[in-house]
Amino acid sequence: MISTQIEDACQILGKNDLVGIPTETVYGLAANAMNELAVSKIFDLKKRPSYNPLIVHIGHMDDLEKYTQNIPEKAYQLAKNFWPGPLTLVLERKPLIPDIITAGKNTVGIRMPNHPVTLSLLKQLDFPLAAPSANPFKSISPTTAQHVEDYFGNKLPLILEGGPCEKGIESTIIGFENGAPVLYRLGSISEEAIEEICGPLNYIKTISKKPLAPGMLAKHYAPKTPTILTEEISPSILDNYKEKKIGLLFFKKANCYDSAYSIEILSKKAHLEEAAKNLYTAMHRLDKLKLDVIIIEKLPNTGLGKSINDRLERASKK
Ligand code: TXA
Ligand code: MG
């Protein structure tokens, strides 16, 4: 059920049940992070493999030191600059974090989300919230309360209404190896913006089925419809799909593609922020049309364009 009642959400979470929560990136599927039973319900409902660790969401700066230790100076600088906001830090965990959250690792992902509803919820709770994106494993992340309802319906006691997500793609994840910052996942803060604060980033590419290191699967964020990613959508590409029901997804332009059944444009003004915000909503819409194929054109590979292209690569992976 979609609701605006934060008090109801507090009660349900206090009983170790799940609540859908809005964040500035995507909607999350939240549980009391200090309770193993509550957290196990997230893995069950999402059908998420237990080797994939969860992010802990906090509502106060002080919570950083409550749940993590040996924090590098650069992590403090990043938190100061970007929290509350779409940055997840992977840091050495304190022992009070349950093993189920970290998949047995000695690190934990932690972030302070920037959404008034969820910040208010976190301030009323005396525990932090474990929350992955509120979608079944590998599916497109939800950017509205209705997307969450469509995925889980009455299996989820409550979804807090928070409007459409402002950023539209997941948080950027930064870890530390030998004290140096490493980019674990591209996301809503561009790599360039992070580097302005903490200097050059090392880059982890974890394209494997069962990531040993932090967790990105090759296929992820994927529509059910077969999806193709291309440098440029041209008439000759469309010729390959004659007689097919085609959906097209463009960054900014869409010239004369009469053969397409549906066309999505992420940002007519060619703004990468606007494109990120619209990305998953457009993919959800196309995926509902029972198309034979979705053909997507890559974005310019700079700033948030890099993060969006990362998601598109995974969405179109066979
Ligand atoms: O924007 C977001 O980050 C959203 C909202 C709800 O906060 N959450 C989200 O969670 O995207 P999820 O579970 O869909 O993706 C979290 C990623 C996973 O790829 C996971 O492997 C990685 O974070 N992760 C979590 N803890 C980690 C750790 N200790 N070490 C390495 N990677 C970690
Ligand atoms: Mg996810």
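Residues numbered from 1 in each chain as written. Chains lettered and ligands numbered in written order. Predicted model: local features only at pLDDT ≥ 70, side-chain atom pairs only at ≥ 80, totals over all residues. Heavy atoms only, no water.

A.B. asks: I would appreciate a short explanation of the domain arrangement of the chain in the present structure.
C.D. replies: You'll often see interface size given as the accessible area lost when the parts meet. Looking at the chain, the domain boundaries give domain 1 (2–203) and domain 2 (227–315). Of note, the centres of domain 1 and domain 2, computed from C-alpha atoms alone, are 28 Å apart. Across the boundary between the two partners, domain 1 contributes 23 residues, which contact 17 residues of domain 2. Here domain 1 packs against domain 2, burying approximately 1,500 Å² in sum over the two surfaces, 58% of which is carbon and sulfur. Interface area lost by domain 1 to domain 2 is led by Ile 140, Ile 169 and Leu 186, which between them contribute 38%. (Domains from an automatic or database assignment. Contact = heavy atoms within 4.5 Å. Buried area = accessible area lost by both parts, 1.4 Å probe.)

A.B. asks: Would you mind showing me how to read the packing of helix α10 (residues 272–287) against helix α11 (residues 304–316) here?
C.D. replies: Angle between the axes and distance between the axes are the two parameters that describe a pair of packed helices. Taken N-terminus to C-terminus, the directions of α10 and α11 make an angle of 20 degrees; their axes are 9 Å apart at the nearest point. In terms of axis orientation, α10 runs roughly parallel to α11. For the element pair α10 and α11, the recorded crossing hand is left-handed. Contact with α10, carried on its side by Leu 272, Glu 273, Ala 275, Ala 276, Leu 279, Tyr 280 and Met 283, involves Leu 304, Gly 305, Ile 308, Arg 311, Leu 312 and Ala 315 of α11 and no other residues of that element. (Axes fitted to C-alpha atoms, helices over the stretch in contact; angles between N-to-C directions. Helix = DSSP H or I, 4+ residues; strand = E, 2+ residues; numbered from the N terminus. Parallel < 35°, antiparallel > 145°, perpendicular 65-115°, else oblique. Left-handed = near helix turned anticlockwise from the far one by under 90°.)

A.B. asks: Mind showing me how you'd approach the sheet that holds strand β13 (residues 227–230) here?
C.D. replies: Strand order in the open sheet made by the four strands is β13-β16-β14-β15, with parallel pairing throughout. What marks the edges here is a single partner per strand, and that holds for β13 and β15 (262–265). Within this sheet the neighbouring strands show an average axis-to-axis angle of 15 degrees, counted without direction. Both β13 and strand β16 (residues 293–297) contribute to a ladder of four bridges, which runs parallel. Within β16, the position partnered with Thr 227 by the bridge is Ile 294. Taken strand by strand, α10 contacts β14 (246–250), β15 and β16, and its axis lies near 175 degrees from that of β14. (Pairing = 2+ DSSP bridges.)

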